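Here are the chains, one letter per residue:
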Amino acid sequence: MSRRMIGMVAGLGLAALGLVAWPWDDMTAGAPSSVTRGEPGTPHPGAPGCRFERQETAAFALESSATLDAAPSPRPEDHFRGLLSWVVVEEARQGHPALLRAALSSVVLEQALSGERVSAAELEDSPFYVRMDTTCRFAGIGFSPRWSGASRRLVTTLLQGFELVLPRDDSTHWEAEQRDAVGAYTAEYRRDTSSRGTTRIVRTKPRYHLDDTARRLGLRVQVLGARAEADLDSERGGWVRRMEGQETVRFHLPGEAPQGLALRFRLVREDARFVSVSDSVSPGEADFAEVFQADPQSPPPVDPALASLDPDAARARFLAFFLEGGKSAVFPAARFLAGWLRAHPRESALLLADLRRGAIDEVAHSALFLALELAGTEQSRQVLADALVSGDLSALDRSRAASALADHGEPSRRAADLLLTQVRASDSPMVANVSLLGLGSMARRTRPGDPLRAELHTALRGELERATGSNEELAVLDAIGNSGDDAFGAELDERLRTGQPALRGRAAEALGHLSPEVARPLLVSQLESESSARVSTAILRSLSKMAPGTELELTRDELALAGRRLASASSPEERAAVIDWVGRARGQLEARRVLAAHFPQEPNVHLQQRIGAFVTPRELREFMR
């Protein structure tokens, strides 16, 4: 992976599953924790699950690795190998997960990719706590306050890679919202029972759910394959006795060749190797705070001790964050520096001068630009504007400046003009694209009635007209989607109905960011007559994403349309998108009937499994009679 690509992906908080930790992981903060779909409560008596008895012990051999899929041989690799031992401290009870005290031993750690270095010695035999509920979901991980942030993040991402979430009933197919170090995703599960009584769980993930920041920077993440198989340890109660998985994820950034990561992980239960777990840290001392979450928009108030630091001391403390935490120190370092800059606003320009002359290590560049954004002063805004047009800065740093300027304080006309100039005249496709996407996000943040909002709309419409018929038109549609403004409904509808499939598909994606009241009838109307499977799939995915966190209620006409598309679509991707759309209305009896009616005609076994995530086996039997 090129240095520029690593830096850009690092700025978005993506990481190799269970091992590599890159900064800005908080950009996926707010993603749902791992929860199964369905009603909370006590699992069905026949459901598989994790059940623990107090003082029960277990041990697991773990292995996880990440390699670049296009790197020259020998490929650089991050690799972890070790033994996880745990003892049950508290059994699960109604509303409360089980509490396990755990430790790692026999740790072998190699880090050729990760910018965040972890000491294997700190991981060895140092206790931490795991909360696990009866669906086998990790409900929390608690560390000693003495653990470094780097070690906490590595262990957290390692365990997230091995997480299974079981249903609360006897379903053989289900879904769960989860997250790992790459981001939030919807896991699809299948349960098989062999003739010997062994229960095997298969977990796949079709895609990740990127947040607005990633979309604003033009990032796309493609899951080329992600499958894990696990055998439940039904004889001994909790969790699994074997699990193996392999994933390939590819990252696409404007102006860069696609780059990918190949991920492998393996777990085997080996109780004979159990190592006694120290109780030197009590549950009350353990810190269960989410290691990736932060609130960068609300930095702590400046205290007198912080304001009293002289420039040399402040710079030294800012850079010291990265001595321990590496790139993952971006948020705490940025919040510290932003607070100091609010007390010393003129220092913003001197920090940019330090960056220009190479006095600030590249590992801290992301934090510096984020600090300038969070400081929210006129001086920091001016510094970001200067950095955006600086020919002596890298395209990556100028892109960071563009993103920070778009989100800096109250949207300003001068910032909008600077971004628009870069859109039209920048020598870097990355800077131009991030600036364009920033205009869209600035329009979203501008208050209704503010004249700047109308000016931003005019600018985006002008760019759309200027780009008509070229590949640049796709980027403008992304920026319009970032605005989330219903005022663009007519322009998006026109491009949804005309032009090449790539353009219509991107218009459908942009419509998905508008309000359901405006976008839904436009998308449904086009779906009626759409001949391209690629565009139909984009339309359906936008329909499926509406009103997140709630169940949709589909009309009788929409359900009839869904049934027709299921019957006529030759593309498995399109049928999968129909199933997901109708599945969002799984609370409606008629929606489940539509899926059940298609089940016997569906030739793809994986899509049959997807239907099973929304319709129970009993209902399938009843509805197909």
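Residues numbered from 1 in each chain as written. Predicted model: local features only at pLDDT ≥ 70, side-chain atom pairs only at ≥ 80, totals over all residues. Heavy atoms only, no water.

### Considering the packing of helix 17 (residues 501-511) against helix 19 (residues 533-544)
Piece 1. Between helix 17 and helix 19, the shortest axis-to-axis distance is 8 Å and the interhelical angle comes to 5°. The angle between helix 17 and helix 19 places the two elements in the roughly parallel class. Here Pro501, Ala502, Arg504, Gly505, Ala508 and Glu509 of helix 17 lie close against helix 19, whose contacting residues are Arg534, Val535, Ala538, Ile539 and Ser542.
Piece 2. Of the residues that constitute the contact of helix 17 with helix 19, the class distribution is six nonpolar, two polar and three charged. (Axes fitted to C-alpha atoms, helices over the stretch in contact; angles between N-to-C directions. Helix = DSSP H or I, 4+ residues; strand = E, 2+ residues; numbered from the N terminus. Parallel < 35°, antiparallel > 145°, perpendicular 65-115°, else oblique. Contact = heavy atoms within 4.5 Å. Nonpolar A, V, L, I, M, F, W, Y, C, P; charged D, E, K, R; others polar.)

### Thoughts on the nonpolar core
Piece 1. By size, the foremost hydrophobic cluster in this structure holds 111 residues, and its most contacted members are Phe318, Phe322, Leu337, Leu523 and Trp581.
Piece 2. In terms of residue count, helix 7 (residues 330-343) provides more of this core than any other element does, nine residues in total.
Piece 3. Counting residues in hydrophobic clusters, the runner-up holds 63 residues, among them Phe60, Val118, Phe162 and Tyr208. (Core = buried A, V, L, I, M, F, W, Y, C linked by side-chain atoms within 4.5 Å. Buried < 20%, exposed > 50% of the residue type's maximum accessible area, 1.4 Å probe, protein only.)

### Observations concerning the packing of helix 18 (residues 516-529) against helix 20 (residues 556-568)
Piece 1. In the contact formed by helix 18 and helix 20, the axes pass within 11 Å of each other and the chain directions differ by 40°. At the point where helix 18 passes helix 20, the crossing takes the left-handed sense. In this structure, helix 18 contributes Arg520, Val524, Leu527 and Glu528 to the contact, and helix 20 contributes Glu558, Leu561, Arg564 and Arg565.
Piece 2. Residue composition of the contact of helix 18 with helix 20, by class: three nonpolar, no polar and five charged. (Left-handed = near helix turned anticlockwise from the far one by under 90°.)

### Some remarks on helix 14 (residues 451-467)
Piece 1. Taking 1.5 Å per residue, 17 residues should reach 24 Å; helix 14 reaches 24 Å between its end C-alpha atoms and fits that length.
Piece 2. Turning to helix 14, its buried residues are Leu452, Arg453, Leu456, His457, Ala459, Leu460, Glu463, Leu464 and Ala467. Buried residues in helix 14, looked at end-on, bunch into an arc of 160°, giving them a common side. Facing away from the buried side of helix 14 by more than 90 degrees, the exposed set consists of Thr458 and Glu465.
Piece 3. Buried-residue contacts for helix 14 involve helix 12 (413-425), helix 13 (429-445), helix 15 (472-483) and helix 16 (489-497).
Piece 4. Measuring from the side-chain oxygen of the N-cap residue of helix 14 to the backbone nitrogen of Leu452 gives 2.9 Å; that N-cap residue is Asp450.
Piece 5. At the exit of helix 14 stands Gly469, carrying a positive phi of roughly 90°. (Expected span 1.5 Å × (residues − 1). Arc of directions from axis to C-beta. Polar contact = N/O pair within 3.5 Å; in protein donor to acceptor, adjacent residues only side chain to side chain.)

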